[in-house]
Amino acid sequence: MMYLIIAVLCSVAVSVLLKILRQKNIDIRQTIVAGYPVAFLLTWVLLKPDVSAIHALDSAWGIIIALGVLLPAVFIILGRAIEAVGMVATDASQRLSLIIPIVAAFLLFGEVLTGTRILGLALGFLALGALVYRPQHNDITRQAKHTPLWLFGVWAGYGIIDILFKQVAKQGAAFPLTLLVSFGVAGVLLLIYLLITRVRWQKQALMTGLLLGTLNMGNIYAYVRAHQVLHDSPSIVFTGMNVGVIAVATLIGVGVFKEQLNRINIIGLVLAVCCVGVLFLA
């Protein structure tokens, strides 16, 4: 259970860090690019990828390059969503991205869509709608008119990344090696972009990247280890991770950052938890 708790805390800590960076007007792109060397090194040390199997990636480079673009892009979108609507709704939307691989499995890969899964998907979409709801008279609406777009980007981005990782795994490439190469590609592509745009480098942003990379990899490693240790109880890991992130993010978002939730948003959080539970039972 310790690994599961660490995974939840690291995931929420990433959102907390991005929220603080946005409040201080620190360039999140620089923080992200500085975090990838750390994540790359930790992947090498902790997950011990089999580099000799690099030839197995020959048919998967298109997917890996797509991951290289999406991984930093989704981080940036995550930061914008947290700034616009807060970490509570953003983290819930990220957790709800689990419904995208299920829809893809039905539409693209021929899997059977059961009644339970249909119920779970319906709850998920209702939860998303409730999470993005903002009353027209609320000041937050004027300040964050693109809120639905940012939350959709978080939801869709993480869902697509999940699909891409699963497709690479199906082609026989080991997850640690895929993760290592994807981190490397993501870091290089983002660095090239920042150099081309002649960004004005910020020391604080780069230093914070060391923490971001550690938290990001800490989340991944602890989640993998939780599945290994609790291999006979995947339900505990799956449900605990998703519900745990939503619960902790809500406590910190409301309790520490004083984020405001209306009744519809609260219903959305409840629906999100129900969605996770139902989709596991499916």
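Thresholds applied
The residue count restarts for each chain, going from 1 along the sequence in the order it is written. Local features in this predicted model are restricted to residues of pLDDT 70 or higher, and side-chain atom pairs are both shown and tallied only at a pLDDT of 80 or more, whereas totals for entire chains, interfaces and linings draw on every residue. In computing side-chain properties, one takes all heavy atoms of the structure into account and sets aside hydrogens as well as water. By the criteria applied, helices consist of DSSP H or I runs no shorter than four residues and strands consist of E runs no shorter than two, each listed in order from the N terminus. We take the radius of gyration over the C-alpha atoms and set the globule estimate at 2.2 Å times the residue count to the 0.38 power. Residue burial is assigned from relative accessible area. The probe radius is 1.4 Å, only protein chains are included, and a residue is buried under 20% of its type maximum, exposed over 50%, and partly exposed in between. What makes two residues a contact is simply this: any of their non-hydrogen atoms within 4.5 Å. Using the Shrake-Rupley algorithm and a 1.4 Å probe, accessible areas are obtained, with residue cover drawn only from the displayed protein chains. Charge assignment in this entry is limited to Lys and Arg as positive and Asp and Glu as negative, and neither His nor the chain termini are counted. Every charge is mapped onto a representative atom, which is NZ of Lys, CZ of Arg, CG of Asp or CD of Glu. The salt bridge criterion pairs a side-chain nitrogen of Lys or Arg with a carboxyl oxygen of Asp or Glu, the two atoms within 4 Å. Residue-level confidence of the predictor is what pLDDT reports, using numbers from 0 through 100. Every axis corresponds to a line fitted to the C-alpha atoms, with the helix fit spanning only the stretch in contact, and the corresponding angles, defined between N-to-C directions, vary from 0 to 180 degrees. Note on angle classes: values under 35 degrees are labelled roughly parallel, values over 145 roughly antiparallel, values of 65 to 115 roughly perpendicular, and the remainder oblique. Each crossing gets its hand from how the near helix is turned against the far one by less than a right angle, where anticlockwise is left-handed and clockwise is right-handed. Residue type decides the class: Asp, Glu, Lys and Arg count as charged, Ala, Val, Leu, Ile, Met, Phe, Trp, Tyr, Cys and Pro as nonpolar, and the leftover types, Gly among them, as polar.

Caption draft 1: Broad picture of the overall build of the protein. Broken down by element type, the protein carries 12 helices and 0 strands. Going residue by residue from the N terminus, the α and β elements of the protein occur as α-α-α-α-α-α-α-α-α-α-α-α. In terms of C-alpha radius of gyration, the protein reaches 19 Å, essentially the compact-globule figure of 19 Å for 282 residues. For the protein, the spread of C-alpha atoms along the three principal axes comes to 55 × 50 × 35 Å. The proportion of buried residues among the 282 residues of the protein is 49%. Across the protein, every contact between residues at least 6 apart in sequence was considered, and the portion connecting residues at least 24 apart equals 87%. Accessible surface computed for the protein: about 13600 Å², of which carbon and sulfur atoms make up 69%. Each charge class in the protein can be summarised by its mean position, and for the 19 positive and 10 negative side chains these summaries are 9 Å apart.

Caption draft 2: Local environment of the pattern of salt bridges. Following the criterion strictly, the structure yields 4 salt bridges and no others. Between Glu259 and Lys19 there is a salt bridge; the shortest N-O distance is 3.1 Å. With Glu259 in the loop between α11 (234–255) and α12 (263–281) and Lys19 in helix α1 (residues 2–23), this pair connects stretches of sequence that are 240 residues apart. Of the two residues, Glu259 and Lys19, both sit in the buried class. For the salt bridge of Arg22 with Glu83, the shortest nitrogen-to-oxygen distance reads 2.7 Å. Residue Arg22 is located in helix α1, and its partner Glu83 is located in helix α3 (residues 61–85); the two are separated by 61 residues in the primary sequence. In this structure Arg22 comes out as partly exposed when scored by relative accessible area, which is 22%. For Glu83, a relative accessible area of 44% corresponds to the partly exposed category. A single network of salt bridges, built from pairs that share partners, joins Arg22, Arg80 and Glu83.

Caption draft 3: Structural context of the confidence of the model for the protein. Across the protein, the average pLDDT comes to 86, with 93% of residues at or above 70. Per-element averaging of pLDDT across the protein places helix α7 (residues 139–143) at the bottom with 48 and helix α2 (residues 28–47) at the top with 94.

Caption draft 4: Inspection of unusual backbone geometry at higher detail. For Asn25, which is not a glycine, the phi torsion comes out positive at approximately 55°. Judged by relative accessible area, Asn25 falls into the exposed class, the value being 67%.

Caption draft 5: Representation of the packing of α1 against α3 within the structure. Where α1 contacts α3, the axes come no closer than 9 Å and their chain directions differ by 70°. For the element pair α1 / α3, the angle class is roughly perpendicular. For the pair α1 and α3, the sense of crossing is right-handed. Judged by residue contacts, Val14, Ser15, Leu18, Lys19 and Arg22 of α1 engage Phe75, Leu78, Gly79, Arg80, Ile82 and Glu83 from α3. Grouping the amino acids of the contact of α1 with α3 by side-chain chemistry returns 5 nonpolar, 2 polar and 4 charged.

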